[in-house]
Amino acid sequence: MFRRRRIADWEDRLDVEVGKLRNAQSYREVTLNRIKDLVDAPSEAELVRALAKRVSEGNLRVVYRVVSPFTKASLATFKSPLDVPETMLDESTGEEIDIDRYRNVEPVYVSEVVGAQ
């Protein structure tokens, strides 16, 4: 019984965060790591499944940010991870870099899709 309540609690916290994004008056974004901190899901896999469900239902929007492996600066944002190129110019260093989709791309949950390519 306690486990069931804990799950409901984290899902309630997730719904609160989704509501904040949906009702934002201006652009707002939350990274997956921040959502993990805010909702304290029992596992990352369960959180990702819950987020994917909300995205597929149209209750949440996600974009994919390419982050410099050297400076951690945001390089570009895409609507789909399949849109992320294999290489791109890292404007923070001036060098062409290979993009590792597992290390250099992060999902970002947003109030609206602004600036995504």
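Scroll up to find the structure.
As the structure is a prediction and not an experimental result, all values here were calculated from the model. Once a new chain begins, its residue numbering starts again from 1 and follows that chain's sequence as written. Two thresholds apply to this predicted model, a pLDDT of at least 70 for residue-level local features and 80 or more for giving and counting side-chain atom pairs, whereas whole-chain, interface and lining totals are computed over all residues. Processing note: side-chain calculations cover all non-hydrogen atoms of the structure and skip hydrogens and water entirely.

A. Region of interest: the overall build of the chain. When helices and strands are tallied, the chain shows 3 helices and 6 strands. Listed by position from the N terminus, the elements making up the chain come as α-β-α-α-β-β-β-β-β. A buried classification covers 32% of the 117 residues belonging to the chain. By definition in these notes, contact holds between two residues if any of their heavy atoms fall within 4.5 Å. If you take every contact in the chain between residues at least 6 apart in sequence, the share linking residues at least 24 apart comes to 54%. What sets the accessible areas is the Shrake-Rupley method with a 1.4 Å probe; for residues, cover comes only from the shown protein chains. For the chain, the accessible area works out to roughly 7,700 Å², and carbon and sulfur atoms hold 47% of it. Each helix is a run of H or I in the DSSP string that is no shorter than four residues. Each strand is a run of E no shorter than two, and both are numbered from the N terminus. Residue burial is assigned from relative accessible area. The probe radius is 1.4 Å, only protein chains are included, and a residue is buried under 20% of its type maximum, exposed over 50%, and partly exposed in between.

B. Main features of the nonpolar core. Joining through side-chain atoms within 4.5 Å is the link that ties buried Ala, Val, Leu, Ile, Met, Phe, Trp, Tyr and Cys residues into a set, and such a set is a nonpolar core. In this structure, Leu14, Ile35, Leu47, Leu51, Val66 and Tyr109 are the most contacted members of the largest nonpolar core, which totals 25 residues. When residues of this core are traced back to their parent elements, those giving at least two are α1 (2–22), α2 (32–39), α3 (44–56), β2 (61–67), β3 (74–78) and β6 (105–110). With 4 residues, α1 is the single largest residue contributor to this core. Discounting chain neighbours no more than four positions away, the residues touching Leu14 are Ile35, Val39, Leu47, Ala50, Leu51 and Arg54.

So yeah, pure geometry; function would need other evidence.
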